[in-house]
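Tertiary structure, described
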Amino acid sequence: MMRNKLLVIMILLAGTSAIVSQDPITDADYTFEKAVEGSKAPQKILDELCLLNVTYYSTDSKLHRGQLVIAKDLKSDVEKIFEVILKEKFPVAKCIPIVKYKWSDAASMADNNTSAFCYRTVSGSKSLSLHAKGRAIDINPKFNPCIEKGVISPKGAKYKVANPGTFSHTSAIYKKFISLGWKWGGNFKSLKDYHHFFKKDSK
Ligand SMILES: [Zn+2]
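Fair warning: this is a prediction, and the values are worked out from it, not measured in the lab. (Residues numbered from 1 in each chain as written. Predicted model: local features only at pLDDT ≥ 70, side-chain atom pairs only at ≥ 80, totals over all residues. Heavy atoms only, no water.)

1. A word on the pattern of salt bridges
- A full pass over the atoms with the stated rule returns eight salt bridges.
- Salt-bridge contacts for Asp-29 lead to Arg-65; the nearest nitrogen and oxygen are separated by 3.1 Å. With Asp-29 in the loop between β1 (25-26) and α2 (32-35) and Arg-65 in strand β3 (residues 63-71), the pair connects residues that are 36 residues apart, well separated along the chain.
- The residue Lys-75 makes a salt bridge to Glu-79 at a minimum N-O spacing of 3.5 Å. Taken together, the residues span about one helical turn, with Lys-75 and Glu-79 both in helix α4 (residues 75-87) at a distance of four residues.
- Several salt bridges converge on common partners, so that one network encompasses Asp-105, Arg-120 and Asp-138. (Salt bridge = Lys/Arg side-chain N within 4 Å of Asp/Glu carboxyl O. Helix = DSSP H or I, 4+ residues; strand = E, 2+ residues; numbered from the N terminus.)

2. What about the nonpolar core?
- Ile-70, Ile-137 and Trp-182 are the most contacted members of the largest nonpolar core, which totals 28 residues.
- At the level of secondary structure, the elements contributing two or more residues to this core comprise β2 (49-57), β3, α4 and α6 (172-179).
- At five residues, the largest contribution of residues to this core is made by α4.
- Look past the residues within four positions of Ile-70 in its chain and what remains in contact with it is Glu-48, Leu-49, Cys-50, Leu-52, Val-78, Ala-116, Gly-134, Ile-137 and Trp-182.
- Residues Ala-41, Val-99, Tyr-101 and Cys-118 belong to the second largest nonpolar core, which totals 15 residues. (Core = buried A, V, L, I, M, F, W, Y, C linked by side-chain atoms within 4.5 Å. Buried < 20%, exposed > 50% of the residue type's maximum accessible area, 1.4 Å probe, protein only. Contact = heavy atoms within 4.5 Å.)

3. Digging into unusual backbone geometry
- Residue Pro-154 follows Ser-153 across a cis peptide bond; omega there is 0°.
- Mapped onto the elements, Pro-154 comes out in the loop between β8 (151-153) and α6.
- In this structure, Lys-89 takes a positive phi of about 50° despite not being glycine.
- Among the secondary structure elements, Lys-89 is positioned in the loop between α4 and β4 (94-95).
- The class for Lys-89 is exposed, based on a relative accessible area of 53%.

4. Describing the coordination of the zinc ion
- Looking at the zinc ion, the protein donor atoms are His-131 (NE2), Asp-138 (OD) and His-196 (ND1), and they sit 2.0 to 2.1 Å from it.
- Counting gaps between the donor residues of the zinc ion yields the pattern H-x6-D-x57-H. With Asp-138 in strand β6 (residues 136-138) and His-196 in strand β11 (residues 196-198), this residue pair connects regions lying 58 residues apart in the sequence. Across this residue pair, the class does not change: Asp-138 and His-196 are buried. (Donors = N, O, S within 2.8 Å, 3.2 Å for Na, K, Ca; no water.)

5. So, the packing of aromatic side chains
- This structure, assessed with the given rule, holds 11 aromatic pairs.
- Among the aromatic residues, ring-to-ring pairing joins Phe-90, Tyr-159, Phe-167, Tyr-174, Phe-177, Trp-182, Trp-184, Tyr-194 and Phe-197 into one connected group.
- Of note, Lys-89 hangs over the ring of Tyr-57, and the distance from its end group to the ring centre comes to 4.8 Å. (Phe/Tyr/Trp six-rings, centres within 6.5 Å; stacked < 30°, edge-to-face > 60°. Lys NZ or Arg CZ within 6 Å of the ring centre and 35° of its normal.)

6. Details of the sheet that holds β8
- With antiparallel pairing, three strands are arranged side by side in an open sheet as β8-β7-β10. Because the sheet does not close on itself, it has two edges, and the strands there are β8 and β10 (192-193).
- Examined bridge by bridge, strand β7 (residues 146-148) and β8 share three bridges and lie antiparallel to one another. Among the inter-strand pairings, Glu-148 is bridged to a residue of β8, identified as Val-151. (Pairing = 2+ DSSP bridges.)

7. Here we look at the pairing of β2
- Across nine bridges, the pairing between β2 and β3 is antiparallel. Bridge assignment links Tyr-56 to a residue of β3, and that residue is His-64.
- The hairpin formed by β2 and β3 contains five residues between the paired strands, and Ser-61 there has a positive phi angle of roughly 65°.

Next comes the structure, spelled out in structure tokens:
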């Protein structure tokens, strides 16, 4: 009798944990206001942005839920791209609005974080980055670093096409971006920015 009861309890517990493990792990759960808090962006730009919830498998092979702050008119593109990311089980390490890193792009990159909006200039220049308008996304920067004149950032990153979570011309996610009119930093001539996808304003 005791043994049977124990067995029933064990089965019930196993069932519960199976259900729980299907729930995505929350990487980010901001409100829009919190996700842009402390940004130096003018109100005009903030008005053009939205907060998008995205679901993906992370490097632990588990389902995660994160968020992106992106230009409103790019929302449907990014939803379509994350459908492919999910279907392909392309690992996205984490997807957290850059406010968590106190608006430091370097800190976000070093943490292999995927993000879009960050009100900043292009690294090493005075002109505004497309990230400043939420029109560029950086995905898995540690697997897809920026390489300029032999200098790799983030530090210690390696670009190996065979590794999961890495982009190349044959990856389904790359093809989806291109089909929706986006461009890839991996196609730049002067430097290679393998994590960087962008779509300019058509205005
Ligand atoms: Zn970028």
